[in-house]
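Topology and contacts: notes
Residues per chain are reported as follows:
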Amino acid sequence: MWDLSASGIKTVSPALQADSLPLSHQGSPLSRHALLPHLLAWERSPAHHLLFILNILRHEEFEDGCKAACNGPYDGKWSKTMVGYGPEGDHFVTELTYNYGIGSYQLGNDFLGITVASRQAVSNARKLKWPLSEMGDGVFETKAPGGYKFYLQDCSPPQSDPVLKVTLAVSDLQKSLNYWSNLLGMKIYEKDEKEQRALLGYADNQCKLELQAIPGKVDHATGFGRIAFSCPQKELSDIEDLMKRENQKILTPLVSLDTPGKATVQVIILADPDGHEICFVGDEAFRELSKVDPEGNKLLDDAIAGDKSDEWFAAQKKPKATG
């Protein structure tokens, strides 16, 4: 599963940082901050780390499924690992979610890729003989071990964060723009009627959200994820009320989520017209939760070394489940 998450002053991660980003509706301003993504359902391979030179920002293990389905519709043991080019408060960050009992996931057509400007990543891919497909104009397509697409620009990043945009598929561009811009308050930076695509964001120097229209229905399959934004905690109930007034889908009403030994955050989970999941999280607690953990690398290494799930399933002569 992939998961996009954003944070306000805080952030999943990628934060594109922008304080008091306006999300207005009928005279009721709601501030938004960063946009961040998470890629869920990954294979525990160091390839992504070696290729992109990402930092392990924190790693957390959970014995039971998340009340807000953060790890997908699974009840068992799982973990999440935050990786990025810098702290979650001012960089785009990817959340990698691993379900111990799930061996693979089916990808849909919903998540179209992440674009990264990094000459170093292109060079690393070539040195590692990682598959690259040249798309033209110095852009290369590659895939993570789980099949998620990345587009690498062979150039230096134009901003401090190399992550430029996240692209999602939509079935009706105008309907989606009405939701993301008119309702959620994102600024439209580009709109191409011929190509049926649009680029949105909350700040000029932040990672952008690209919406690309596709023929037919958006299929999330089992490898779906979500986008997350942070905002002052007091505004979460306002968002919930707004969605109710506008008859928009609320997947998970306002709820508190615990992380062992760390801050408890409040979130609400929504769905856009194509079913893309959107999480709004209280910024104050998230800033505490998202602090870089200097033990993150070691915790991840220990978790990988201690993961005996493959051996357990082999001993039981059972295959891991397919998500």
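So, a few notes on the structure that sits alongside this text.

Conventions and cut-offs
Residues numbered from 1 in each chain as written. Predicted model: local features only at pLDDT ≥ 70, side-chain atom pairs only at ≥ 80, totals over all residues. Heavy atoms only, no water. Buried < 20%, exposed > 50% of the residue type's maximum accessible area, 1.4 Å probe, protein only. Helix = DSSP H or I, 4+ residues; strand = E, 2+ residues; numbered from the N terminus. Arc of directions from axis to C-beta. Contact = heavy atoms within 4.5 Å. Disulfide = S-S within 2.5 Å. Core = buried A, V, L, I, M, F, W, Y, C linked by side-chain atoms within 4.5 Å.

Some details on helix α2 (residues 119–127)
For α2, every residue scored as buried is listed here: A121, V122, N124 and A125. Buried residues of α2 fall within an arc of 160° about the axis and therefore sit on the same side. Note on α2: the residue one or two positions beyond its end, K129, has a positive phi of about 55°.

Describing the environment of K143
Residue position: K143 is located in strand β11 (residues 139–143). Since its relative accessible area comes to 45%, K143 is described here as partly exposed. Considering only alpha carbons, one finds K143 and S133, ten residues apart in sequence, at a separation of 9.8 Å. Not counting residues up to four positions away in its chain, the partners in contact with K143 are W130, Y148 and K149.

As for the state of the cysteines
Across all of its chains, the model carries one disulfide by this definition. The residue that forms a disulfide with C66 is C70, at a sulfur-sulfur distance of 2.5 Å. Residue classification places C70 among the buried positions, given a relative accessible area of 16%. For the unlinked cysteine C231, the closest cysteine sulfur is that of C279, found at 9.3 Å. Judged by its relative accessible area of 0%, C231 falls in the buried class.

Let's talk about the nonpolar core
Residues W180, L211 and F280 are the most contacted members of the largest nonpolar core, which totals 46 residues. With five residues, the top contributor of residues to this core is helix α3 (residues 173–183). Counting 17 residues, the second-largest nonpolar core is a separate cluster that includes A68, L257, V265 and A285.

By themselves, these are just geometric observations and shouldn't be taken as functional.
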